[in-house]
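# Tertiary structure, described
Chain by chain, the residues run as shown.
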Amino acid sequence: MTDQSSDSSADGLTGQVAQNVAKATPAAVVRKVRGLSDRAIAWLFISPTIFLLLAINIFPLIWTVYLSFTNYRANRPGRPIEWVGTRNYERLLGNEDIWGYLQATAHFVVWTMIIQVIIGLGLALLINRNFKGASFWTTVILIPMMLSPAVVGTFWTYLYQPQTGIFSYIINLFVSVGPIDMIGSVDLAPWSIIIVDTWMWTPYIMLLCLAGLRSIPDYLYEAAEIDRANAWQKFWYITLPRIMPFLMLAVLFRGIENFKMFDMVVELTSGGPGSTTEVASINLKREAFEKWRTGYSSAFAVILFVTVFGLGNIYVKALNKVKQ
Amino acid sequence: MRRFGACLAAAALSVTAVTAMSTQEVQAQDKELTLCWAAWDPANALAQLGKDFTAETGIEMNYEFVPWTNFADRFINELNSGGKLCDLLIGDSQWIGGSATYGHYVKLNDFFEKEGISMDDFAPATVHAYSTWPKGTPNYWALPAMGDALGWVYRKDWFARPELREEFKAKYGHELEVPKNWNEVKNIGEFFQGREIDGKTVYGLGIYTERGSEGITMGVTSAMYSWGFEYENPDKPYDMPGYVNSPEAVEALEFYKSLYDCCTPPGHSDAYMVANLDAYKSGQVAMQMNWFAFFPGIAKDEDVGGDKSGFFVNPAQKVAASTLGGQGISVVAYSDKKDMALEYIKWFAKSDVQKKWWSLGGYSCHVDVLNDPNFPNTAPFAGDFLKAMDGVKDFWQEPTYAELLQAMQKRVHDYVVAGNGTAQEALDKLVVDWTEVFEDDGKL
């Protein structure tokens, strides 16, 4: 009853405001707008956004798909554009180097996600204990995330320097193995980029996990205490299910970001040694803006888009199931 | 009313003053040129030289110097987008095919004829490499501006140490001297690798291994040219099988990899000019390959300059040959100040300007400079520069050079640094890549 009365008073107020606005609206505008339905007015308001969305997102996407079926080269404006059918796609999918780049990308994405989730969750559980100085340490841990990936890539090349870099020095304090060439070694280079990405982006996973942990009501743990649940049971049956949506969201965001990782890897390894760390986006940039094979690179971009979009959709469905 | 009149007069005066200032500014802007090049020592010398041009003509010179790592990306994109940033561009020799074909550069034949600038006044190798397209035809798109080739620098003071010389001779059976071929380069590299000199661990060689732009290709080709490498059948253009992947080419590539494996400092897996310079100047390596353009700086360096360093031309293995560097200066077709830019070219082509250009540290290509009998004595590396320019060989200068270059970067880095596959496989794949590029371009 109380709710109803407050609703009606709110309606009355809104109506009064609407009347005042209607009175203040110039007659010419009223005449023009009078003929429009609510839906039309709604469209009128959102049309600039839709136009922008079409212009800067949808049109380039459709244009890229079109270019992927042509031999277009952006550095040859006078050359006629020829329709080549699926030739670019056939070349791409039949090129074993492309599969190598995709493999390098998958290795990078999978391992960064696994390591960052484990460390990020651990840090979040630690910070959530609210010890003295927790806020200070949270800020310290978040600092790498605030840096530019290009800057991070550049200064890690110095840290990785086999003779003068601190990375090799620290490892040699524990195991005497001599200078470690992280960037020049085929075996170590993929891990060199995983380590840097983990250093930079684990705080992001930690932050989202922390948000999840802080949203768990205390009474659940109190009830578990009464049931004599041990620490592991509390974590497994309360903490993990409750923070799982947050964790999955973090993995989704980071997974998409890492799938298109470019700047940090370019600065660190330039895709080398050989093509060991040439992730898909680096090769895409080489094809599009160094070789100027616009049609071919558009086809590659479409393949990457469909892959990310497809995997993303499957993942979001899984996320929704977890939420339910 | 009087107050209003005063305000009006003040406003009118201000407007006049502002208009006058803007006109002056516009005129000043009209009398200035922007020259684009890479950010390195010779660019500073050119900026110094440009002051004479300003004094002579009243045209102010602005410079857009971009680090080598971004040089090609930055300026090729500028040309492709029809940008007006550069009035004059000192672009890489390999760009000339594309820039001529796609109309980025102004053709200079008529201008040369009108102004009496003769290409005979410049070293034939530099005219061929920096100015002409199609290659070898009298169609000129640039004036040779900066001659350059890949050479070598060594620690003369280390080579002079009697105990090292003795040990070296006992081990390799020849003197520790400037290497006469690539085998001797390797001997020297191995000898110095990991050696203690003055209490510091040093290494053998600084060679090019860079992946991103053109580094490893420039390094590898300096070996391949010495083994007699040819890009194509001299009688049948674009016929590459049996040439690009010839037994000599394979042997040279294998040799280059052996140098990388035996004799480079740890972490030298992505090194180009600056990395080699750093390794050499910090006393880390006994020898380095680098462009002659850097040699004046090395000769003057506080730590390794003077008598501490010696220079030599790329050693021959089967033939004497060096990888070509250097650039020509072109007028950008999209510039609004083409006349002034041509005026600069006319000034730069003068014999006395070219002499000053060499004295400031730029590598002139003018015969008045190079054919001067005293030229070899003007710098410790001058004689070797002349020798190198006699046998230079350049990478493809085709409009598709960037694709050709990227393919080679990948194939040779994959083999030399990453150690994937064999040299034969790397060059076989390169033939396939290059064939595809030429097929797409309608050349095959």
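Calculation criteria
Residues numbered from 1 in each chain as written. Chains lettered and ligands numbered in written order. Predicted model: local features only at pLDDT ≥ 70, side-chain atom pairs only at ≥ 80, totals over all residues. Heavy atoms only, no water. Helix = DSSP H or I, 4+ residues; strand = E, 2+ residues; numbered from the N terminus. Rg over C-alpha atoms; globule rule 2.2 N^0.38 Å. Buried < 20%, exposed > 50% of the residue type's maximum accessible area, 1.4 Å probe, protein only. Contact = heavy atoms within 4.5 Å. Areas by Shrake-Rupley, 256 points an atom, 1.4 Å probe, with all protein chains shown as cover. Lys, Arg positive; Asp, Glu negative; His and termini not counted. Charge placed at Lys NZ, Arg CZ, Asp CG, Glu CD. pLDDT = per-residue confidence, 0-100. 1 Å grid on protein atoms, 1.4 Å probe; cavity = no way out; pocket = protein on both sides within 12 Å on 5 of 7 lines; lining within 4 Å. Points joined across faces, edges and corners; volume = space filled by probe spheres on them. Nonpolar A, V, L, I, M, F, W, Y, C, P; charged D, E, K, R; others polar. Domains from an automatic or database assignment. Buried area = accessible area lost by both parts, 1.4 Å probe. Salt bridge = Lys/Arg side-chain N within 4 Å of Asp/Glu carboxyl O. Polar contact = N/O pair within 3.5 Å; in protein donor to acceptor, adjacent residues only side chain to side chain. Disulfide = S-S within 2.5 Å. Phe/Tyr/Trp six-rings, centres within 6.5 Å; stacked < 30°, edge-to-face > 60°. Lys NZ or Arg CZ within 6 Å of the ring centre and 35° of its normal. Core = buried A, V, L, I, M, F, W, Y, C linked by side-chain atoms within 4.5 Å. Axes fitted to C-alpha atoms, helices over the stretch in contact; angles between N-to-C directions. Parallel < 35°, antiparallel > 145°, perpendicular 65-115°, else oblique. Left-handed = near helix turned anticlockwise from the far one by under 90°. Pairing = 2+ DSSP bridges.

## Here's the deal with the overall build of chain A
Within chain A one finds 14 helices and 0 strands. Counting from the amino terminus, chain A carries its helices and strands in the arrangement α-α-α-α-α-α-α-α-α-α-α-α-α-α. For 324 residues, the compact-globule estimate of 2.2 N^0.38 gives 20 Å, and the C-alpha radius of gyration of chain A, at 27 Å, exceeds that figure by more than 25%. The principal-axis extents of the C-alpha atoms in chain A amount to approximately 80 × 75 × 35 Å. Residues counted as buried form 37% of the 324 residues belonging to chain A.

## Focus: the overall build of chain B
Along its length, chain B carries 19 helices and 12 strands. Taken over C-alpha atoms, the radius of gyration comes to 25 Å for chain B, in line with the 22 Å a tight globule of 444 residues would show. For chain B, the spread of C-alpha atoms along the principal axes amounts to about 100 × 55 × 45 Å. Each of the 444 residues in chain B was classed as buried or not, and the buried ones make up 57%. If you take every contact in chain B between residues at least 6 apart in sequence, the share linking residues at least 24 apart comes to 74%. In the form shown here, chain B has an accessible surface area of approximately 17,600 Å², with 52% of it arising from carbon and sulfur atoms. Computed over 38 positive and 63 negative side-chain charges, the separation of the two mean positions in chain B equals 4 Å.

## Overview of the confidence of the model for chain A
Considering every residue of chain A, the mean pLDDT works out to 89; 90% of them sit at 70 or more. In the predicted structure, residues 1–7 of chain A sits below a pLDDT of 50 and forms 0 contacts with residues beyond four places in sequence or in another chain.

## Observations regarding empty space enclosed by the protein
A full pass over the atoms with the stated rule returns 4 cavities of 30 Å³ or more. Here the largest cavity is characterised by a volume of approximately 190 Å³. Contributing to the lining of the largest cavity are 20 residues, with Asn75 of chain A together with Ile76, Gly98, Pro399 and Tyr401 of chain B lying nearest its centre. Only helix 3 (68–80), helix 4 (96–101) and helix 18 (401–416) of chain B provide two or more residues apiece to the lining of the largest cavity. Taken together, the residues that form the lining of the largest cavity break down as 8 nonpolar, 7 polar and 5 charged. The computed volume of the second largest cavity comes to approximately 90 Å³. Taken together, 15 residues make up the lining of the second largest cavity; nearest its centre are Asp92, Glu214, Trp291, Gly325 and Gln327 of chain B. The residue makeup of the lining of the second largest cavity, split by class, is 7 nonpolar, 5 polar and 3 charged. No fewer than three residues from each of domain 1 (33–148 + 325–393) and domain 2 (150–323 + 400–440) of chain B sit in the lining of the second largest cavity.

## Quick notes on unusual backbone geometry
Residues and elements named next belong to chain A. Cis geometry marks the peptide bond from Gly272 to Pro273; its omega dihedral reads -5°. As for its placement among the helices and strands, Pro273 is situated in the loop between helix 12 (263–269) and helix 13 (280–290). Positioned with a positive phi, Asn130 is a non-glycine residue whose angle comes to about 55°. Residue Asn130 is classed as exposed on the basis of its relative accessible area, which comes to 55%. The phi dihedral of Ser270 falls on the positive side, at around 55°, and the residue is not glycine.

## Quick notes on the interface of chain A and chain B
Contacts between the two partners involve 32 residues from chain A, matched on the other side by 29 residues from chain B. Across the chain A/chain B interface, buried area totals approximately 2,400 Å², and carbon plus sulfur atoms make up 38% of it. Inspection of the chain A/chain B interface yields 9 salt bridges. The partner of Asp73 of chain B in a salt bridge is Lys285 of chain A, and the shortest N-O contact between them spans 3.0 Å. Inspection of the chain A/chain B interface yields 18 residue pairs in polar contact (both at pLDDT 80 or more). Elements with a contribution of two residues or more to the side of chain A that touches chain B: helix 4 (87–93), helix 5 (96–127) and helix 13 of chain A. Residues belonging to the side of chain A that touches chain B are distributed by class as follows: 8 nonpolar, 10 polar and 14 charged.

## Focus: the state of the cysteines
Residue and element names in this part refer to chain B. Counted under the stated rule, the structure contains 2 disulfides over all chains. Each disulfide pairs two cysteine sulfurs, and for Cys36 the partner residue is Cys86, the sulfurs being separated by 2.0 Å. With the S-S bond torsion at -100°, the cross-link from Cys36 to Cys86 turns out left-handed. Of this pair, Cys36 sits in strand 1 (residues 32–38) while Cys86 is found in the loop between helix 3 and strand 3 (88–92), placing the two residues 50 residues apart along the sequence.

## Structural notes on the packing of aromatic side chains
This structure, assessed with the given rule, holds 65 aromatic pairs over all chains. Between Phe168 of chain B and Tyr172 of chain B, the ring centres sit 4.8 Å apart and the planes meet at 40°, which makes this aromatic pair tilted. Residue Phe168 of chain B and its partner Tyr172 of chain B are located together in helix 8 (residues 162–172), separated by 4 residues, close to a single helical turn. Judged by its relative accessible area of 0%, Phe168 of chain B is buried. Ring centres of Tyr238 of chain B and Trp396 of chain B lie 6.2 Å apart, and the angle between their planes is 15°; this geometry places the pair in the stacked category. Residue Tyr238 of chain B is found in the loop between helix 10 (215–226) and helix 11 (247–263), and its partner Trp396 of chain B is found in the loop between strand 12 (392–393) and helix 18; the two are separated by 158 residues along the sequence. For the residue pair Tyr238 of chain B and Trp396 of chain B, the accessibility class agrees, reading buried in each case. By the ring-pair criterion, three or more aromatic residues cluster together here, those being Trp37, Trp40, Phe53, Trp68, Phe71, Phe75, Trp95, Phe294, Tyr344, Trp347, Phe348 and Trp357 of chain B. When the ring centre of Tyr296 of chain A is taken as reference, the NZ or CZ atom of Arg293 of chain A above it lies at 4.1 Å.

## Here we look at the nonpolar core
Residues and elements named next belong to chain B. Grouped together as the largest cluster of nonpolar side chains are 154 residues, with contacts concentrated most on Trp37, Tyr344, Phe348 and Trp434. Summarising the domain contributions, this core has at least three residues from each of domain 1 (33–148 + 325–393) and domain 2 (150–323 + 400–440). When sequence neighbours within four positions are dropped, the list of residues in contact with Phe348 reads Leu46, Leu49, Leu143, Pro144, Ala145, Ile329, Val353, Gln354 and Trp357.

## A short note on the pattern of salt bridges
Following the criterion strictly, the structure yields 36 salt bridges over all chains and no others. A salt bridge links Asp440 of chain B to Arg91 of chain A; its shortest N-O distance comes to 3.0 Å. Of this pair, Asp440 of chain B sits in helix 19 (residues 423–440) while Arg91 of chain A sits in helix 4, placing the two residues on different chains. Its relative accessible area of 23% is what places Arg91 of chain A among the partly exposed residues. A salt bridge links Asp97 of chain A to Arg411 of chain B; the nearest nitrogen and oxygen atoms lie 3.0 Å apart. Separated into two different chains, Asp97 of chain A in helix 5 and Arg411 of chain B in helix 18 make up a pair that spans both.

## Description of the side chain of Gln409 of chain B
Within the fold, Gln409 of chain B resides in helix 18. Among the polar contacts listed, one links the side chain of Gln409 of chain B to the side chain of Thr217 of chain B, at a separation of 2.6 Å.

## Some words on the packing of helix 7 (residues 149–159) of chain A against helix 9 (residues 189–214) of chain A
Residue and element names in this part refer to chain A. Axis separation between helix 7 and helix 9 bottoms out at 11 Å; the angle between their running directions is 130°. With respect to helix 9, the axis of helix 7 lies oblique. As for how helix 7 packs across helix 9, the hand of that crossing is right-handed. Where helix 7 approaches helix 9, its residues Pro149, Val152, Phe155 and Trp156 are matched on the opposing element by Ile195, Val196, Trp199 and Met200.

## So, the sheet that holds strand 1 of chain B
Residue and element names in this part refer to chain B. Taken in spatial order, the 5 strands line up as 2-1-3-11-4 in an open sheet, and their pairing is mixed. If you trace the sheet from one side to the other, it starts and ends with strand 2 (60–66) and strand 4 (143–146), each paired once. Mean inter-strand twist for the sheet, computed between neighbouring axes without regard to direction, equals 30°. Bridge count between strand 4 and strand 11 (residues 327–331): 3 bridges; the pairing is antiparallel. The residue bridging Leu143 from the neighbouring strand is Ile329, located in strand 11.

## Some thoughts on the environment of Phe348 of chain B
Considering the arrangement of structural elements, one finds Phe348 of chain B in helix 14 (residues 338–348). Separated by 205 residues in sequence, Phe348 of chain B and Leu143 of chain B have C-alpha atoms that sit 8.9 Å apart.

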